[in-house]
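Notes for the structure review
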Amino acid sequence: MESPSPASPTPASTTPIVCHVTRWYFRRMGMLAGLLLVFGLLFLYDGVRGYPQSVALAQKKAWFTTEFLPSFDTAKKEGRLEQWIGDAKAKGLPTGTDGEPPRWVSYAAQNGWAEDPKLYSDREIAEQFWFAYGCMTGAVIVGIILLLNRRKVLRGEADHWVTHEGVAIPYADVFRVDKRKWEHKGLAYAWYRLNGGAEKRAVIDDLKFGGADQILERLLSRFSGELIEKISEPESVETPPAETPQ
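Only a predicted model underlies this, so the values are computations on that prediction, with no experimental measurement involved. (Residues numbered from 1 in each chain as written. Predicted model: local features only at pLDDT ≥ 70, side-chain atom pairs only at ≥ 80, totals over all residues. Heavy atoms only, no water.)

Examining the environment of Gly96
Threshold: Counting from the N terminus, the helices are the DSSP runs of H or I reaching at least four residues and the strands are the DSSP runs of E reaching at least two. Under the scheme applied here, a residue whose accessible area is under 20% of the maximum for its type counts as buried, over 50% as exposed, and between as partly exposed, the area being computed with a 1.4 Å probe on protein chains only. Whether two residues touch is decided by their heavy atoms; if any such pair falls within 4.5 Å, the residues are in contact.
One can find Gly96 in the loop between helix H2 (81-90) and helix H3 (104-111). Among the residues examined, Gly96 registers a relative accessible area of 29% and is labelled partly exposed. Taking C-alpha positions, Gly96 is 8.6 Å from Ile85, a pair spaced 11 residues apart along the chain. When residues no more than four places from it in sequence are discounted, the contact partners of Gly96 are Pro101 and Pro102.

What to know about the packing of helix H1 (residues 23-77) against helix H4 (residues 122-149)
The packing of two helices is summarised by the inter-axis angle and the distance between the axes. Using the following cut-off: All axes are obtained by fitting lines to C-alpha atoms, using only the stretch in contact for helices, and the reported angles, taken between N-to-C directions, cover 0 to 180 degrees. Throughout, the term roughly parallel applies to angles under 35 degrees, roughly antiparallel to angles over 145, roughly perpendicular to angles from 65 to 115, and oblique to all others. Whether a crossing is left-handed or right-handed is set by the direction in which the near helix is turned from the far one by less than a right angle, anticlockwise for left-handed and clockwise for right-handed. Residues are sorted three ways: Asp, Glu, Lys and Arg are charged, Ala, Val, Leu, Ile, Met, Phe, Trp, Tyr, Cys and Pro are nonpolar, and all the rest, Gly among them, are polar.
Put simply, H1 and H4 touch, their axes get as near as 8 Å, and they point 160° apart. Here H1 lies roughly antiparallel to H4, going by the angle between them. At the point where H1 passes H4, the crossing takes the left-handed sense. Grouping the constituent residues of the contact of H1 with H4 by class yields 24 nonpolar, 6 polar and 2 charged.

Describing the layout of surface pockets
Rules: Using only the protein atoms, space was sampled on a 1 Å grid; points where a 1.4 Å probe fits but cannot get out form cavities, open sets with protein on both sides within 12 Å along at least five of seven lines form pockets, and lining residues are those with an atom within 4 Å of a point. Grid points are joined across faces, edges and corners, and a volume is the space filled by probe spheres set on the points.
The space that makes up the largest pocket amounts to roughly 320 Å³. If you trace the largest pocket, you find 19 residues lining it, with His164, Val203, Ile204, Asp205 and Phe209 closest to the centre. Those elements that place two or more of their residues in the lining of the largest pocket are H1, strand S6 (187-193) and strand S7 (199-205). Here the lining of the largest pocket takes 5 residues from S7, the largest share from any one element. Here the residues of the lining of the largest pocket are counted per class, giving 11 nonpolar, 2 polar and 6 charged.

Let's talk about the pattern of salt bridges
Stated formally: The term salt bridge refers to a side-chain nitrogen of Lys or Arg lying within 4 Å of a carboxyl oxygen of Asp or Glu.
One pass over the structure, following the stated rule, counts 9 salt bridges. Across the pair Arg123 and Glu127 runs a salt bridge whose closest N-O atoms are separated by 3.7 Å. Of this pair, Arg123 and Glu127 both sit in helix H4, 4 residues apart, which is roughly one turn of that helix. Residue classification places Arg123 among the exposed positions, given a relative accessible area of 65%. Residue class for Glu127 comes out partly exposed when judged on its relative accessible area of 29%. A salt bridge links Glu226 to Arg176, with the shortest nitrogen-to-oxygen separation between them at 3.2 Å. Taken as a pair, Glu226 in strand S8 (residues 226-228) and Arg176 in strand S5 (residues 174-178) lie far apart in primary sequence, 50 residues in all. Glu226 gets classed as partly exposed once you look at its relative accessible area, which sits at 29%. According to the relative accessible area criterion, Arg176 is partly exposed, its value standing at 21%. One continuous salt-bridge network, built from bridges that share partners, spans Arg176, Arg193, Glu199 and Glu226.

Geometry only, nothing functional implied.
Pasting the structure below:
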């Protein structure tokens with residue numbers, strides 16, 4: 001749809017508009033950096049301790065099942081059960097009760113171990129370090145982005161606005177504005193050509209820059225190009241059923 005013709009500027013509409021980065025943006029990005037750091041530390045812990053401990057415990061369970069328990073059965077058959085029990089106690093190993101063999105479930109519970117530890121492969125352990133490095137690198141990148149955005153502003157002047165990247169865009173060079181995402185996401189897109197050059201797009205982000213709605217309002221009052229906006233669907237009117245002739 002075509003926007004209305006630009007109106008003559010009033011003194012109030014020529015006052016510079018300066019939009020700083022909002023606290024919401026810093027809070028959201030800070031939370032993202034924090035989550036990435038937490039996940040990175042968790043992956044690092046699994047790579048350094050969590051997974052290796054699980055592997056060691058899984059190997060201990062395998063030894064318990066394939067070597068320790070068969071030695072109990074052998075000692076019992078050969079009449080050396082008392083000697084076997086004495087040796088096991090000396091090593092701090094379970095001995096069973098009433099002539100029954102010890103059980104891994106009880107032994108693990110007694111020591112606070114997992115009943116069914118997982119035997120991770122070397123590749124799975126190495127992956128934890130890669131995930132950790134990836135998350136921590138992401139946290140650093142987000143932190144750098146936060147620092148770079150600390151002093152950025154979106155500025156609106158009487159005849160142009162300046163993006164947070166420092167690009168000055170005259171309102172008269174804008175030929176299309178898309179504000180379909182403005183209502184729910186605070187985003188508007190403006191297409192422009194500087195000095196008849198290539199077509200480019202600028203973003204007006206009201207969630208990131210507080211007061212960006214004023215710049216959008218000033219832009220819309222200064223240009224006469226195509227305005228794309230959300231159009232409400234007309235409510236359907238139900239037609240009453242036709243009367244049946246008597």
